[in-house]
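What follows is each chain in one-letter form.
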Amino acid sequence: MLRPEEAQRPYTVTELANEIRRELRPLTALLVKGEVTGMKRGTKGHYSFAIRDGQSLINGFLYADDARRVTTLPEDGQVFIFRGRVDYWTQYGAIRFVIDQVEFDDVGKLRAQLEELKRKLEAQGAFATERKRPLPYLPKAVALITSPTGAVIHDLQETILERFPNMTIYVYPVQVQGAAAPMSVSRALRRCGRELLADVIVLARGGGSFEELYAFNTEIVARSVLESQVPVVTALGHTSDRTVADMVADAECRTPTEAGSRVVPKKSDLTAQLRDRNRRLTREIGRRIAREQEQLDHRRRRVAQLLPALVRQRVERLTRAASDLARLSPTAQVARREEALRDRGRRLDAAVAARLARSSHALASLRAGDRLARALSSRLTTAAHGLEHRRQRLVALSPEAVLARGYSITHDAETGAVLRAATQTAAGRRIRVRLAEGRLGAQVDSVGR
Amino acid sequence: MTEQLTYEQALEKLDEQLKLLEDGNLGLEEALKAVDEARVYLQVCTERLEAARRKIEVRGEPEPGQ
């Protein structure tokens, strides 16, 4: 506003500019709602863009410091509610709305977008348990991707070192909140994979509202977790819903303490484990050697038992050999043959004696035969008398005897039949007559009564 | 060969040898060999426990705009 007393002299540009600036100063802590276009990142980490509502436009500006603090970074085409002040930049002659807070105009819409992202990742199998990589049993080092300030980093380090006092920890400081957080987290994940200093990553932040956890629901962070060379464990606080980062991570924990326990075993447990193995090993080899010793002792005892018998056997064999030797010596052979001869002589004598005895016995038997012959002879004489008597009786009764007394026997010449009656023949038939001495042939002349 | 083994792999191999020993089917020579091998794995495990150096290193990178 021009003051009348100064109207005689023109304002310098600077004076006017400062004047304008001063006049605009009351426009502070304002809330402006509008759609973002022409989002540009400046070299110093600031952002500039236009905010409009379809009719009007005002240039928005976000300093680098504020950009790190805001929960979300404005995006082209999205409507946000900005808090800030109007400033007139004297060197450019431009009015800008300098922003210190950015809020989503429509959280519901953002959630819908998030659900869409989850559906997309799910369809690609990003949440599948088979896809998740196993965490190392004992990591060589642990990478912590988190805000370098605050309780989270402290709790994680404390838990890890309490469990495993000589564990190596690499801290990758990132912005876990604010517009630059998604890129910051994504860069750190890629860097871990490049450097491979650690073989497990803990991605942590100390919880927060939906807006505060915005970075962990972005596709860029989800993809970086999925593509990470090193297994990722999330620990994003227990105050919120699961984020997409939780869902694609290889393991999901709520608190830094839980994550610390998950990635690092208790060294004392492992030491106890090895002590146990060592004990078992010592016990086994002790047992094994004792068994071997026992078997050796057993064999030694058996040898001790068997030794006398073995010696006896050999002594016996020697004795046998000695006697064989004695038997086979020429003197012994001569003696044995002499003995054999003597034996034969004795047997010959005995045989001769036996033979003589048998002969004299036979002679005695012959004398007994005489008596038998005499007995037999008298019986033969008696039998001969009987026979003569029977013969005489036989002669007396025989036809010859009758014929001798003058009788004859007449036979039919043809049939040979003895004729006992005249009727047994007929005149003219040939007959034969048997006399005591000789025979007659005749013919019947007649037959009388 | 054992240099590439992780703690877990070495422990697994150690347990394999222990099981062979505890099953008791090994000859004396084999048993002694198994014990030697098991001791090697035990040593590897012990070394792995002590391998890490207690260290906290901040891998900072200059944030753009700072």
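Above this text sits the structure in question.
Residues numbered from 1 in each chain as written. Chains lettered and ligands numbered in written order. Predicted model: local features only at pLDDT ≥ 70, side-chain atom pairs only at ≥ 80, totals over all residues. Heavy atoms only, no water.

Caption draft 1: Main features of the overall build of chain B. Looking only at helices and strands, chain B features two helices and one strand. The secondary structure elements of chain B, listed N-terminal to C-terminal, are α-α-β. Within chain B, buried positions represent 30% of all 66 residues. Taking all contacts inside chain B whose residues are at least 6 apart in sequence as the whole, residues at least 24 apart take part in 71%. By element, 48% of the accessible surface of chain B is carried by carbon and sulfur atoms, the whole surface being about 4200 Å². (Helix = DSSP H or I, 4+ residues; strand = E, 2+ residues; numbered from the N terminus. Buried < 20%, exposed > 50% of the residue type's maximum accessible area, 1.4 Å probe, protein only. Contact = heavy atoms within 4.5 Å. Areas by Shrake-Rupley, 256 points an atom, 1.4 Å probe, with all protein chains shown as cover.)

Caption draft 2: Here's a closer look at the overall build of chain A. Per the secondary structure count, chain A includes eleven helices and 13 strands. The burial tally for chain A puts 34% of its 449 residues in the buried class. Accessible surface computed for chain A: about 28100 Å², of which carbon and sulfur atoms make up 55%.

Caption draft 3: Summary view of the sheet that holds strand β10 (residues 251–253) of chain A. Pairing is parallel across the open sheet formed by six strands, whose spatial order is β10(A)-β9(A)-β8(A)-β6(A)-β7(A)-β1(B). Each having just a single partner strand, β10 of chain A together with β1 (55–58) of chain B make up the two edges of the open sheet. Strand-to-strand, the axes of this sheet are offset by a mean angle of 20°, without reference to chain direction. (Pairing = 2+ DSSP bridges. Axes fitted to C-alpha atoms, helices over the stretch in contact; angles between N-to-C directions.)

Caption draft 4: Highlighting the side chain of A:Thr168. Among the secondary structure elements, A:Thr168 is positioned in strand β7 (residues 168–173). You can call A:Thr168 buried: its relative accessible area is 6%. Not counting residues within four places of it along the chain, the set of residues in contact with A:Thr168 comprises A:Lys140, A:Ala141, A:Val142, B:Ala52, B:Arg53 and B:Lys55.

Caption draft 5: How the structure looks around the packing of aromatic side chains. Considering all chains together, one arrives at six aromatic pairs over all chains under this definition. For the ring pair A:Phe80 and A:Phe82, a centre distance of 5.8 Å and an interplane angle of 45° mean the geometry is tilted. Ring plane angle 10° and centroid distance 5.7 Å describe the contact between A:Tyr137 and B:Tyr7, whose orientation is recorded as stacked. Note that A:Tyr137 is positioned in the loop between α3 (107–123) and β6 (141–146) and B:Tyr7 in helix α1 (residues 7–23), a pairing that runs across two chains. Stacked on the ring of A:Phe164, the Lys or Arg A:Lys267 has its end atom at 5.5 Å from the ring centre. (Phe/Tyr/Trp six-rings, centres within 6.5 Å; stacked < 30°, edge-to-face > 60°. Lys NZ or Arg CZ within 6 Å of the ring centre and 35° of its normal.)

Caption draft 6: Spatial organisation of the environment of A:Val225. Residue and element names in this part refer to chain A. Mapping Val-225 onto the fold places it in helix α6 (residues 219–226). Using a relative accessible area of 0% as the deciding quantity, one classes Val-225 as buried. A sequence separation of 20 residues divides Val-225 from Ala-245, and the C-alpha atoms of the two residues are 7.0 Å apart. Aside from chain neighbours lying at most four places away, what touches Val-225 is Arg-133, Leu-189, Leu-203, Val-232, Val-248 and Ala-249.

Caption draft 7: Seen up close, the packing of helix α4 (residues 151–163) of chain A against helix α8 (residues 256–263) of chain A. Residue and element names in this part refer to chain A. The geometry of α4 relative to α8 is characterised by a closest axis approach of 8 Å and an angle of 35° between their N-to-C directions. Handedness of the α4/α8 crossing: right-handed. Between α4, through Val-152, Asp-155, Leu-156, Thr-159, Ile-160 and Arg-163, and α8, the contact on the second element is made entirely by Pro-256, Thr-257, Ala-259, Gly-260 and Ser-261. Partitioned by chemical class, the residues of the contact of α4 with α8 number five nonpolar, four polar and two charged. (Left-handed = near helix turned anticlockwise from the far one by under 90°. Nonpolar A, V, L, I, M, F, W, Y, C, P; charged D, E, K, R; others polar.)

Caption draft 8: Spotlight on the interface of chain B and chain A. Listed by partner, the interface residues are 37 residues for chain B and 42 residues for chain A. Together, the buried faces of chain B and chain A total about 3600 Å²; carbon and sulfur atoms form 57% of this surface. Considering only the surface of chain B that becomes buried against chain A, B:Leu49, B:Arg54 and B:Arg59 emerge as the three largest contributors, covering 18% of it. Along the contact surface separating chain B from chain A lie five salt bridges. For B:Arg59, the salt bridge identified is with A:Glu195, shortest N-O distance 2.9 Å. (Buried area = accessible area lost by both parts, 1.4 Å probe. Salt bridge = Lys/Arg side-chain N within 4 Å of Asp/Glu carboxyl O.)

Caption draft 9: Local environment of the pairing of strand β3 (residues 57–62) of chain A. Residue and element names in this part refer to chain A. Note: strand β2 (residues 47–52) against β3, six bridges, orientation antiparallel. Directly across from Tyr-47, in β3, lies its bridge partner Leu-62. Sheet topology places β3 next to strand β5 (residues 94–104); four bridges connect them, and they run parallel. Within β5, the residue paired with Leu-62 across the bridge is Ile-99.

Caption draft 10: Region of the structure containing the sheet that holds strand β12 (residues 430–434) of chain A. All names here are of chain A. Sheet architecture is open: three strands sit in the order β11-β12-β13, paired in antiparallel fashion. A strand with exactly one partner marks an edge of an open sheet, and here the two such strands are β11 (409–412) and β13 (439–443). Within this sheet the neighbouring strands show an average axis-to-axis angle of 25°, counted without direction. Here β11 runs beside β12; their pairing, made up of four bridges, is antiparallel. Paired with His-411 across the strands is Arg-432, a residue of β12.

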